[in-house]
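In case you want the letters, here they are:
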Amino acid sequence: MACKNKTNEPTKIIAIDGPAGSGKSTVAKALAKKFGLLYIDTGAMYRALTLKAVQKKIDLNNEEALAKLAQEVNIQLNMHAELLQVMLDGEDVTRAIRKQSLTEKVASVAKVALVRTEMVKLQRKLAQQAKGAVLEGRDIGTVVFPNAKYKFYLDAQAAKRIKRRFKELESKGEQVEVGDVAEDITRRDQSDMTRGVAPLAQAKDAIYIDTTTLSVKEVVEKISRKCSI
Ligand code: DC
């Protein structure tokens, strides 16, 4: 079933969910480019909001304060060539939101129901304004766009996901130990999959793709074959 925006025009949605390190971001970015659609990294939004909470010294257990912050904050995602720039109330936080020390804090913010309501609202608005988007996250096919025609769930063996994440951090100049990355991925998987609101899950109608031994190009081709956009 096609998704409709307010003016009743069809919105082309490709929903990509999966755990950290499954290859979602690279694949989603490539698909957006290929199909001329907006790329929406929903994880970047939860990261940006968490950074704002840290900057404002908000207690990450204070759900009311986090929900209020989610209503007030201005998060913008801009694509520049192949790079996603993340703006938070006018500040470029592209690099800051990827730091390991910040990543560890995101789960506390992402589990708050009212925070998710605001983020989902923003995600739907952006996709509908653009009349189509490739969205990647944890709840795109289950909550954000449950009627999306094209849904994919990317996964990979834990060892491979840890390796990818370690390489990504290393390439950004972060000093990290593989053991710490492994611990973070395990903790995040657990938290993302077991939280009460919008846990990471494969939508019933999503196509499962194990990316452990596949290249980015192979995954993009696999998905493209299923999408007539
Ligand atoms: O995709 P990522 O690693 O940048 O996401 C960071 C965190 O944000 C992730 O651990 C869980 C959360 N998240 C979420 O709860 N829902 C989404 N749609 C996307 C991310």
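Residues numbered from 1 in each chain as written. Predicted model: local features only at pLDDT ≥ 70, side-chain atom pairs only at ≥ 80, totals over all residues. Heavy atoms only, no water.

Participant: When you look at the pattern of salt bridges in this model, what are you seeing that I'm missing?
Facilitator: Pairing between side chains of opposite charge can happen when their charged atoms approach one another. Under the definition given, this model contains 14 salt bridges. We note a salt bridge from Glu118 to Lys121, for which the minimum N-O separation is 3.2 Å. Taken as a pair, Glu118 and Lys121 lie in helix H5 (residues 113-129) at a separation of 3 residues, close to a single helical turn. With a shortest N-O distance of 3.3 Å, Arg165 and Glu168 are connected by a salt bridge. Placement of both Arg165 and Glu168 in helix H7 (residues 158-171) is noted, with a separation of 3 residues, approximately one turn of the helix. Given the relative accessible area of 5%, Arg165 is considered buried. In the salt-bridge network here, residues are joined through shared partners; they are Arg138, Asp192 and Arg195. (Salt bridge = Lys/Arg side-chain N within 4 Å of Asp/Glu carboxyl O. Helix = DSSP H or I, 4+ residues; strand = E, 2+ residues; numbered from the N terminus. Buried < 20%, exposed > 50% of the residue type's maximum accessible area, 1.4 Å probe, protein only.)

Participant: I would appreciate a short explanation of the sheet that holds strand S5 (residues 83-88) in the present structure.
Facilitator: Where strands meet in a sheet, backbone hydrogen bonds hold them as pairs that are either parallel or antiparallel. Taken together, the 3 strands give an open sheet; going across it, the order is S4-S5-S6, and neighbouring strands pair in antiparallel fashion. Each edge of the open sheet is held by one strand with a lone partner, namely strand S4 (75-80) and strand S6 (91-92). Summarising the sheet, S5 and S6 pair through 2 bridges and their orientation is antiparallel. Bridge pairing in S6 places Met87 opposite Asp92. Along the sheet face, helix H2 (residues 42-55) touches S4, S5 and S6 and points at about 35° away from the line of S5. (Pairing = 2+ DSSP bridges. Contact = heavy atoms within 4.5 Å. Axes fitted to C-alpha atoms, helices over the stretch in contact; angles between N-to-C directions.)

Participant: Even after reading the chapter, I still don't get the side chain of Asp184, so can you show me in this structure?
Facilitator: On the secondary structure map, Asp184 appears in helix H8 (residues 178-194). With residues up to four places along the chain from it excluded, the contact list for Asp184 reads Gln100, Thr103, Glu104 and Arg165.

Participant: Sorry if this is basic, but what is going on with unusual backbone geometry here?
Facilitator: Even without being a glycine, Lys57 presents a positive backbone phi close to 55°. By the element assignment, Lys57 lies in the loop between H2 and helix H3 (63-72). A positive phi angle, close to 55°, is found at Ala81, a residue other than glycine. For Ala81, a relative accessible area of 74% gives the class exposed.

Participant: For this particular structure, what's the right way to read the site of the ligand?
Facilitator: Taken together, 14 residues surround the ligand, and among them Arg47, Arg116, Asp139, Arg188 and Arg195 come closest. At 3.0 Å from a nitrogen atom of the ligand is found a side-chain nitrogen or oxygen belonging to Thr42. A distance of 2.9 Å separates a nitrogen atom of the ligand from a polar side-chain atom of Asp139. Elements with a contribution of two residues or more to the shell around the ligand: H2, helix H4 (100-110) and H8. At 4 residues, the largest contribution of residues to the shell around the ligand is made by H2. Looking at the shell around the ligand, its residues break down into 3 nonpolar, 3 polar and 8 charged. (Near = heavy atom within 4 Å. Polar contact = N/O pair within 3.5 Å; in protein donor to acceptor, adjacent residues only side chain to side chain. Nonpolar A, V, L, I, M, F, W, Y, C, P; charged D, E, K, R; others polar.)

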